[in-house]
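Coordinates in review
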Amino acid sequence: LGSDKLPRARHPIIRAVVNRLAQEPSLSCTALAGELELSSSWLARTFKREMKRSIVEYRNDLRIAAFMDRLAVRGGNLREAALDAGFGSYAQFHRVFRARYGRSASAHLKTLQNDPQSGIHKRPSGFAEAEHSDLPDLKLRDIPREFRTA
């Protein structure tokens, strides 16, 4: 599931919505319609016809893709990666992920860790301690927003 696998919108308004969701995936259909001065029901119908999924499904696909990217780059805690990806809670993430893949994120990731093509690999044991024991343990919240890449 990557952005390259998401359908491309032909309608210029739907392209604008897709771009806006890429900037801020937490926007609701009502908020998007309000920004564009459109009927939310028209926007929802047109989006689903163009993108083959609802705005909520599309947002969730973006969030799951962001979750997978964060794990591939940083590894680490599933809960933190889910919250960083824009899910409101780990429970929400778990529900969406299970609905999409039919299994939990941890079970899915165990499968991916054994696949060298996935980009998600286990860190060698002792990696952090051996090579970086003199560095402080930084959390994402410790890094100013302007220096973050994601």
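Let me sum up the structure you'll find in this document. (Residues numbered from 1 in each chain as written. Predicted model: local features only at pLDDT ≥ 70, side-chain atom pairs only at ≥ 80, totals over all residues. Heavy atoms only, no water.)

The next thing to look at is the packing of aromatic side chains. Counting across every chain of the model gives seven aromatic pairs. Between Phe87 and Phe93, the aromatic rings sit 5.2 Å apart at their centres with planes inclined by 70°, giving edge-to-face as the arrangement. In this structure Phe87 comes out as buried when scored by relative accessible area, which is 3%. Seen in terms of ring centroids, Tyr90 and Phe93 are 5.5 Å apart; in terms of plane orientation they differ by 45°. Their pairing is tilted. With Tyr90 and Phe93 both in helix α6 (residues 90-101) and three residues apart, this pair spans about one turn of that helix. You can call Tyr90 partly exposed: its relative accessible area is 29%. Given the relative accessible area of 0%, Phe93 is considered buried. Clustering of aromatic rings is evident, with ring pairs tying together Phe67, Phe87, Tyr90, Phe93, Phe97 and Tyr101. One Lys or Arg, Arg63, reaches over the ring of Phe87 and ends 5.7 Å from the middle of that ring. (Phe/Tyr/Trp six-rings, centres within 6.5 Å; stacked < 30°, edge-to-face > 60°. Buried < 20%, exposed > 50% of the residue type's maximum accessible area, 1.4 Å probe, protein only. Helix = DSSP H or I, 4+ residues; strand = E, 2+ residues; numbered from the N terminus. Lys NZ or Arg CZ within 6 Å of the ring centre and 35° of its normal.)

The tally for this structure, following the rule as stated, stands at six salt bridges. Linking Glu50 and Arg10 is a salt bridge whose minimum nitrogen-to-oxygen distance equals 3.7 Å. Linking Glu50 in helix α3 (residues 40-51) with Arg10 in the segment before α1 (12-23), this pair joins segments that are 40 residues apart in sequence. Given the relative accessible area of 12%, Glu50 is considered buried. (Salt bridge = Lys/Arg side-chain N within 4 Å of Asp/Glu carboxyl O.)

Function cannot be inferred from these measures alone, as they are strictly geometric.
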